[in-house]
Amino acid sequence: MKPALTVGSLLRQSAQQLAARPAQVAQPLSVHIFTTGARWMFAHLPPQAGQPVEFDDSIRFGRYGSLKYGSSLLALVAVASGLARLHLLPWLPLAGLAFYVVEVHFLFLFPLLLDRVAHPLRASLRATYRVGLFKALAWTLTLAAFMLAGLLRRRPWRNWHVGCLALIRWYHHEVRAGIHPRF
């Protein structure tokens, strides 16, 4: 019997994968952060029949990343502003939650783009709701905490890469089988 998929098992497996090949950790900051990140993710997507074997440079990862994180940041700022205007400063952590409530809807956007699905934004929404919004949010918050905590360590990008690998594994196990690429 196959063990249940948990966020902990995803992180453990991803940490083991990264430990086996530590050269996978790279400095992710660049002007083309979304394309650079997508290229890295593509190199780590498990091969699967019927899926692309080459990275598609024509996909505008920067636009999709800007939409994903821009809308998430907009939610954060809107909630933080509203709470500040209402003098509810102790509730400001809800602004961070608002960021992730929006971001989780685009959770699988980049892997879906890499697999070249038609209508990737719609496909990401469907995938999130197929996994379950509350499960997706809880797992995303766990992954985000793990990734952000790593930024405070001696090797700041290690946790970031482990978290990205965990997302790729999650996508591969729970979403990928039900998609149809358009290439």
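Below is a short write-up of the structure.

About the thresholds
Residues numbered from 1 in each chain as written. Predicted model: local features only at pLDDT ≥ 70, side-chain atom pairs only at ≥ 80, totals over all residues. Heavy atoms only, no water. Salt bridge = Lys/Arg side-chain N within 4 Å of Asp/Glu carboxyl O. Helix = DSSP H or I, 4+ residues; strand = E, 2+ residues; numbered from the N terminus. Buried < 20%, exposed > 50% of the residue type's maximum accessible area, 1.4 Å probe, protein only. 1 Å grid on protein atoms, 1.4 Å probe; cavity = no way out; pocket = protein on both sides within 12 Å on 5 of 7 lines; lining within 4 Å. Points joined across faces, edges and corners; volume = space filled by probe spheres on them. Nonpolar A, V, L, I, M, F, W, Y, C, P; charged D, E, K, R; others polar. Phe/Tyr/Trp six-rings, centres within 6.5 Å; stacked < 30°, edge-to-face > 60°.

**Looking at the pattern of salt bridges**
And step 1. Applying the stated criterion across every chain yields a total of five salt bridges.
And step 2. Put simply, D115 and R176 hold a salt bridge, and the shortest N to O gap is 2.8 Å. Here D115 is found in the loop between α5 (109–114) and α6 (120–131), whereas its partner R176 is found in the segment after α8 (156–174), with 61 residues between them in sequence.
And step 3. Judged by relative accessible area, which is 0%, D115 ranks as buried.
And step 4. Given the relative accessible area of 2%, R176 is considered buried.

**Topic: the layout of surface pockets**
And step 1. Reported here for the second largest pocket is a volume of approximately 180 Å³.
And step 2. Every residue lining the second largest pocket is counted, eleven residues in all, and those nearest its centre are V117, A118, A123, R126 and I179.
And step 3. Split into classes, the residues belonging to the lining of the second largest pocket amount to five nonpolar, three polar and three charged.

**Overview of unusual backbone geometry**
And step 1. Phi at H87 takes a positive value of approximately 55°, unusual for a residue other than glycine.
And step 2. Note that H87 resides in the loop between α3 (61–85) and α4 (93–103).

**Side note on the packing of aromatic side chains**
And step 1. One pass over the full model with this rule turns up eleven aromatic pairs.
And step 2. Between the aromatic rings of F42 and F55, the centroid separation amounts to 5.9 Å while the plane-to-plane angle is 75°, which identifies the pairing as edge-to-face. Placement of the pair is F42 in helix α2 (residues 33–44) and F55 in the loop between α2 and α3, with a sequence separation of 13 residues.
And step 3. Where W157 meets W160, the ring centres are 6.1 Å apart and the plane angle is 85°; that geometry is what we call edge-to-face. Taken as a pair, W157 and W160 lie in helix α8 at a separation of three residues, close to a single helical turn.

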